[in-house]
Structure formats: structure tokens, C-alpha cells
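Spelled out, the chains give:
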Amino acid sequence: MDLESRAVTMTSVGAQPKWDAAEANKIYNLPFNDLLFHAHTVHRANFDPNTVQFSRLLSIKTGGCPEDCGYCSQSAHHPTGLKASKLMEVERVITEARKAKEGGATRYCMGAAWRSPKDRDMDMVIAMVHGVKALGLETCMTLGMLSPSQADTLAEAGLDYYNHNIDTSERFYKEIVTTRSFADRLETLGNVRQAGIKVCSGGILGMGETAGDRIDMLVTLANLAEPPESVPINMLMPMPGSKLANAAPVDPIEFIRIIALARILMPKSHVRLTAGRTGMTDEMQALCFFAGANSIFVGDTLLTAANPGDDRDSSLLRRLGLTPAALDSAE
Ligand code: SAM
Ligand code: SF4
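An account of the accompanying structure is given in this report. Source: prediction; values computed, not measured.

What counts and what doesn't
- Residues numbered from 1 in each chain as written.
- Chains lettered and ligands numbered in written order.
- Predicted model: local features only at pLDDT ≥ 70, side-chain atom pairs only at ≥ 80, totals over all residues.
- Heavy atoms only, no water.
- Near = heavy atom within 4 Å.
- Nonpolar A, V, L, I, M, F, W, Y, C, P; charged D, E, K, R; others polar.
- Helix = DSSP H or I, 4+ residues; strand = E, 2+ residues; numbered from the N terminus.
- Polar contact = N/O pair within 3.5 Å; in protein donor to acceptor, adjacent residues only side chain to side chain.
- Contact = heavy atoms within 4.5 Å.
- Phe/Tyr/Trp six-rings, centres within 6.5 Å; stacked < 30°, edge-to-face > 60°.
- Lys NZ or Arg CZ within 6 Å of the ring centre and 35° of its normal.
- Expected span 1.5 Å × (residues − 1).
- Buried < 20%, exposed > 50% of the residue type's maximum accessible area, 1.4 Å probe, protein only.

1. Quick look at the site of ligand 2
Surrounding ligand 2, one finds Cys65, Glu67, Cys69, Tyr71, Cys72, Ser75, Ala113, Trp114 and Arg180. Residue classes in the shell around ligand 2 are distributed as 6 nonpolar, 1 polar and 2 charged.

What follows is the structure, given as C-alpha cells:
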């Protein structure tokens, strides 16, 4: 089936086809204008192309992580100089969430530098979910790996989304992380889905992976029984002291091609332009939005890294005629 009819079929019947790497490769390598035309066609068929979903990310427990993710400033394996902190007080989290809502965020994402949460932490984490939800925000947590019972506990607390990025292809994963496996990541995604929580999962470009690795990462996500509702695509922010501190920069055109491919393979998912936007030109971001990116983190920090901040984002979105998505359409 050629791409045109497939793109139309896929969007018209809403069916989520299964993809193979060869087909995804063919799409990725289309002439740039053809690729962006198809991605934008699929995007328009599924979303208002002139709205962007705003999320806000808060590090509720920073640093001292026992995992050795090569990109991460929070890993205790890397001398990044980051000062570790203990789990933030619930009241402080809710205060920060209230400010995020006033800033137009519809989703509040809380991240902890854990391999997985300890049972002793769960009461405070649950109180955060309750408190942020009571503000009328969608809640998201990213706490590392989850057991089925931990996922069920978070679902009972009313958690809306759980982020757990697969980060790259299965083939390349062990070059980036050795303290857990790609299968561990997929197992947590399965536990989260089983518990009835929406899934946020994506990855990073710029870690030394090949285009094939990037494409395989998207095919893995698209071929999950249910693709993630949110797909964060990060551009590596080289962290001093981390294993990837001297990684080569990503070619912006290749980055935009991956955004377009994510859109085509997962037509109903929010594709989030995530870390690394401080290193992107306005034009690069504009092309990413045209290619189907329709979610960003707002605010001047991510977990521990810089983010463009409200002034730069509102200027760019205003010049592009993009507006924040309202909560009901920000699914
Ligand atoms: N500790 C939790 C975990 O590992 O699942 C929280 C993850 S938190 C959302 C960090 C995510 O942001 C990682 O999964 C990775 O995709 C991304 N990230 C972390 N450091 C990054 C960096 N230096 N550059 C780009 N993306 C990064
Ligand atoms: Fe730990 Fe998460 Fe950073 Fe990996 S990405 S080192 S699990 S905080």
C-alpha cells in the first residue's frame, strides 16, 4: 500500500496499523518536502494544527540515582557535580503546580531520580497526585521502573499519565544504560498500561545512535499494543561529567525527519518537542510543529536542564499563530 493511501486509510478509519522497519525507513528517507507534506496531512487529520499542549516538569527528587544512563546529570555514576536532594514536600509541589496552571499548563509532570520508587515513598507520591489533580491539572509521574502493584496504586490514586522513555533502539540501549535492560523498560510500560494509566514514552536523539536506531525506537513505540498517548522526542543536552558530555550535535534536518516519522507512525499521539529546545532555532522548532510536534514543556527548567522559558516560547508561538491547547483537547 503506498504511503498516500496508507496515510489516508490510517487516519480515516482510525485504525492503528502495525509498522515494519523497512517501511518506516522508506518513509523517513522520502524527499523532505514529501515527508513533511504527509506528516502534516496526518497531523491535520487528527489534531488542530494550530494548538500546542503545554506541560510543566518538576524534579520532585533530584540526583543520586543508582542507574547509569549515559545522558543523565542525575546518575550517581557520573561526576556531574549535581547536588542530590531528598523527596520534595507535598505542599511545595502543589504550590509549584498552581503556578504552572496559571502559566497555561494543562499537565503537571513530576520526575524523580529513582531506579524505582520505594514503598516508603508511595504515600507522599500519592498525596502529590491527589493535590495536583485537585487543581484541575492532568497528572504525570516519571519515577523509574514500576511493579504491577505500584502501577495499580498510582492508577487508584488517579494518576493520568506515566512517563517511561525507551530512549533509543533495543540494539543501542546497552551502549547507553547498563544497570537495566530495554526489556525492563517495556515491562514497566506494560504494567502502566495494564493498570489503566496513559503512557508517555519516547527517546533521545544525539547519543551516537544511527538513523536506523532512531527509526527502530519509533517502530517499537508505534507497534506497542497501544501506542503511547504522548511521545517525547528529546535532543541530547550534553551534561558535563556524563558519559555523553562530548556527543556530536544532531543534524536539525534529521531531527525534524524523526518528528515527522513519529507523527506518521503514531497519528493520534501527542508528539512532544522535549529537551534541547534551547539549542534549536525558531525555524527548526517551526518546522517541527509543521511536521506534527504538538506538545512542549513550558517554563525555564526541565528536571535539571535549561528550557527556553515563557518569554521566548510565547514570542515564538505568537509569531507562528499557535495557541495553548485547552485541557479537553490536550488528551
Ligand atoms: N528517572 C526517571 C526515568 O529514568 O524514567 C525519570 C526520567 S526523566 C523524564 C528523564 C528523561 O529525560 C530520560 O528518560 C531521557 O529521555 C530524558 N533526558 C534525561 N537527560 C537528558 C539529556 N541530558 N538530554 C536529553 N534528554 C534527557
Ligand atoms: Fe536515573 Fe532516570 Fe537519570 Fe536514568 S534518566 S540516571 S533512571 S534519573
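2. Some points on the side chain of glutamate 229
Note on placement: glutamate 229 falls in the loop between helix H9 (211-222) and strand E7 (230-235). Separated by 2.9 Å, the side chain of glutamate 229 and the backbone nitrogen of valine 199 make a polar contact. Once residues within four sequence positions are removed from consideration, glutamate 229 is found in contact with Tyr161, Arg193, Lys198, Val199, Ser269 and His270.

3. Quick look at the packing of aromatic side chains
If you walk through the whole model with that rule in mind, you get 1 aromatic pair. Positioned over the ring face of tyrosine 28 is arginine 257, at 5.8 Å from the centre of the ring. Over the aromatic face of phenylalanine 297 sits the side chain of arginine 272, whose NZ or CZ is 4.6 Å from the ring centroid.

4. Some points on the site of ligand 1
By nearness alone, 18 residues border ligand 1, and Tyr71, Asn165, Asp167, Arg185 and Met237 come closest of all. The contact in question runs from an oxygen atom of ligand 1 to an N or O atom on the side chain of aspartate 167, over 2.6 Å.

5. Considering helix H3 (residues 32-46)
For H3, spanning 15 residues, the distance from its first C-alpha to its last is 21 Å, which sits close to the expected 21 Å at 1.5 Å a residue. Restricting attention to buried positions, one finds in H3 the residues Phe32, Leu35, Leu36, His38, Ala39, His40, Val42, His43 and Asn46.

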